[in-house]
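# Descriptive analysis of the structure
What follows is the residue order along each chain.
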Amino acid sequence: MLLLPGFLQVAYYYFFSSQVRRSVVYGDQPRNRLDLHFPTNNDGPKPVVVFVTGGAWIIGYKAWGSLLGRQLAERDIIVACLDYRNFPQGTISDMVKDVSQGISFVFNNIADYGGDPNRIYLMGQSAGAHISSCALLEQAVKESTGESISWSASHIKYYFGLSGGYNLLNLVDHCHNRGLYRSIFLSIMEGEESLPVFSPAVRIKDPSIRDASSLLPPIILFHGTSDYSIPSDASMAFADALQKVGAKPELVLYPGKSHTDLFLQDPLRGGKDDLFDHIIAVIHANDKEALAKDAMAPPRKRLVPEPLLRMARLISPF
């Protein structure tokens, strides 16, 4: 309720803006849809961010990425927000399959929408960071063994993981204590025996897939140190595991930031945002014209008054 002024503005953009194309079909399952957020100009192919939303594997929805889509589109970036089957409609293997299929659709079709298939970035938040990292690692494994693939992990320019959990073995009890009970968690993850399989921080250490690590893109993991939903230790451990197998991770911690600060409250606040600026700098790193435009871009619009944001921060359980 406190953040409603911002939510209403984002909802109006989502449903009525000509810059949003909703529910593009990418597969044959009920939730196989994605939203595309476009910049206002179409002067040449644009970089593309494929975004996988969070939602505790249960309430994820593509529209949750609308605020990110709107703000990245303002910087000449196309954003594809993927939907995927949630539990109980699907379990973790279905989610990973859906996300992989959505990424494949973007690779093979985004040029028709004005995107540059050679500049595709993958990003996930919370449960979406977990699912997308599983899809990325699985694709790298397939690529390393010569399996037939419809998209290449090595062609992803960067992977951005935001407030993600990458080791399910460490999350079972934590999520149980936070209200996602063990029985439900294990049902989502297809049983205790599947936890290592869908834990990228564990699976990456498997010597049998060591060749896959060289195919992973550069990885940046963002996390707030006051995240109660998924502790920042999750990103720290994943970065350490990636580094040990020769991958190229970067870990960025935000002192005092919660699970929703980085993705919700800070973007609603407008103005300068270190996370947003970091992502933009990476995407536009080799584009002098885009960097010049970024330097001249007006501050992002505030969507929620500061007193309401501070009150929301005080009562947020995340």
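Residues numbered from 1 in each chain as written. Predicted model: local features only at pLDDT ≥ 70, side-chain atom pairs only at ≥ 80, totals over all residues. Heavy atoms only, no water.

The name given to the protein chain in an unreviewed UniProt entry is protein-S-isoprenylcysteine alpha-carbonyl methylesterase, and the organism recorded there is Citrus sinensis. What the UniProt record of the protein chain gives under Catalytic activity (unreviewed entry) is the line "[protein]-C-terminal S-[(2E,6E)-farnesyl]-L-cysteine methyl ester + H2O = [protein]-C-terminal S-[(2E,6E)-farnesyl]-L-cysteine + methanol + H(+)". (UniProt positions renumbered as here; feature names shortened; annotations may be inferred.)

## Examining the sheet that holds strand E5 (residues 115-125)
Pairing in this open sheet of 8 strands is mixed, and the strands run E1-E2-E4-E3-E5-E6-E7-E8 from one edge to the other. Only two strands of the sheet have a single partner each, and these edge strands are strand E1 (20-25) and strand E8 (249-254). Ignoring strand direction, the axes of neighbouring strands in this sheet form an average angle of 20 degrees. Bridging between strand E6 (residues 156-162) and strand E7 (residues 219-224) involves 4 bridges; their strand directions are parallel. (Pairing = 2+ DSSP bridges. Helix = DSSP H or I, 4+ residues; strand = E, 2+ residues; numbered from the N terminus. Axes fitted to C-alpha atoms, helices over the stretch in contact; angles between N-to-C directions.)

## A few points about the nonpolar core
Counting 63 residues, the largest nonpolar core has Trp 57 and Phe 185 as its most contacted members. A total of 9 residues in this core trace back to one element, the largest contributor, which is helix H4 (residues 127-144). Those residues in contact with Phe 185 that sit more than four places away from it in its chain are Trp 57, Leu 168, Leu 171, Val 172, Cys 175, Leu 180 and Leu 195. In this structure, Val 49, Leu 72, Ile 77 and Val 79 belong to the second largest nonpolar core, which totals 23 residues. (Core = buried A, V, L, I, M, F, W, Y, C linked by side-chain atoms within 4.5 Å. Buried < 20%, exposed > 50% of the residue type's maximum accessible area, 1.4 Å probe, protein only. Contact = heavy atoms within 4.5 Å.)

## Some points on helix H1 (residues 4-16)
Across its 13 residues, H1 extends 18 Å between first and last C-alpha, which sits within 8% of the 18 Å expected from 1.5 Å per residue. Taken as a whole, H1 has its buried residues at Gly 6, Val 10, Tyr 13 and Tyr 14. Seen from one end, H1 has its buried residues packed into an arc of 100 degrees, which puts them on one side. Exposed positions of H1 whose direction lies more than 90 degrees from the buried face are Leu 8, Tyr 12 and Phe 16. Packed against the buried residues of H1 are E1, strand E2 (33-37), helix H2 (66-73) and helix H10 (261-269). (Expected span 1.5 Å × (residues − 1). Arc of directions from axis to C-beta.)

## Some details on the pattern of salt bridges
Here the structure, examined in full by the defined rule, presents 25 salt bridges. Residues Asp 266 and Lys 257 are paired through a salt bridge, measuring 3.0 Å at the closest nitrogen-oxygen approach. For Lys 257, a relative accessible area of 25% puts it in the partly exposed group. Put simply, Glu 306 and Arg 302 hold a salt bridge, and the shortest N to O gap is 3.1 Å. For Glu 306, a relative accessible area of 18% gives the class buried. Judged by its relative accessible area of 39%, Arg 302 falls in the partly exposed class. Overlapping salt bridges, with partners in common, bring together Lys 257, Asp 266, Arg 269, Arg 302, Glu 306 and Arg 310 in one network. (Salt bridge = Lys/Arg side-chain N within 4 Å of Asp/Glu carboxyl O.)

## Focus on a nonpolar patch on the surface
A cluster of nonpolar residues, Met 1, Leu 4, Phe 7 and Leu 8, forms a patch on the protein surface that exposes about 450 Å² of accessible area. Among the secondary structure elements, Leu 8 is positioned in helix H1. (Patch = residues over 30% accessible without salt bridge, like charges linked within 9 Å, V, L, I, M, F, W, Y side chains within 5 Å. Areas by Shrake-Rupley, 256 points an atom, 1.4 Å probe, with all protein chains shown as cover.)

## Re the pairing of E8
Relative to E8, E7 is paired through 6 bridges, and the arrangement is parallel. The residue of E8 that forms the bridge with Leu 221 is Leu 251. Regarding the hand of the β-α-β motif, the stretch spanning E7, helix H9 (residues 233-244) and E8 is right-handed. (Right-handed = clockwise from strand over helix to strand, strands pointing away.)

## Digging into the UniProt feature "domain: BD-FAE-like" (unreviewed entry) in the protein chain
According to UniProt, the positions carrying the feature "domain: BD-FAE-like" (unreviewed entry) are residues 34-242. From the first C-alpha to the last, residues 34-242 spans 30 Å; its make-up is 38% helix and 19% strand.

## Quick notes on the pairing of strand E4 (residues 78-82)
Counted residue by residue, E4 has 5 buried out of 5 residues, so it is predominantly covered. Side chains Ile 78, Ala 80 and Leu 82 of E4 all project onto a buried face; the interleaved residues Val 79 and Cys 81 project onto the opposite face, where all are buried too. Where E2 meets E4, 4 bridges bridge the pair, whose relative direction is antiparallel. If you follow Leu 34 over to E4, its bridge partner there is Leu 82.

## Focus on the environment of Phe 38
Looking at the element boundaries, Phe 38 is found in the loop between E2 and strand E3 (46-52). Taking the relative accessible area as the measure of exposure, Phe 38 reaches 17% and is therefore buried. As for Phe 38 and Asp 274, which are separated by 236 residues in sequence, their C-alpha atoms are 23 Å apart. When neighbours within four sequence positions are excluded, Phe 38 is seen to be in contact with Gln 19, Arg 21, Ala 73, Ile 78 and Tyr 113.

## Let's talk about the packing of aromatic side chains
According to the stated counting rule, one finds 11 aromatic pairs in the structure shown. Arranged with centres 5.7 Å apart and planes meeting at 90 degrees, the rings of Trp 57 and Phe 185 form a pair that is edge-to-face. Here Trp 57 is found in the loop between E3 and H2, whereas its partner Phe 185 is found in helix H6 (residues 182-188), with 128 residues between them in sequence. Measuring from centroid to centroid gives 5.5 Å for Tyr 61 and Trp 64, while their planes differ by 75 degrees, and the two rings are edge-to-face. Taken together through their ring pairs, the aromatic side chains of Tyr 121, Tyr 158, Phe 160, Phe 222 and Tyr 254 make up a single cluster. Across from the ring centre of Tyr 14, 5.7 Å away, lies the NZ or CZ of Arg 22, which sits over that ring. In this structure, Arg 70 packs its charged tip against the face of Tyr 13, placed 5.7 Å from the ring centre. (Phe/Tyr/Trp six-rings, centres within 6.5 Å; stacked < 30°, edge-to-face > 60°. Lys NZ or Arg CZ within 6 Å of the ring centre and 35° of its normal.)

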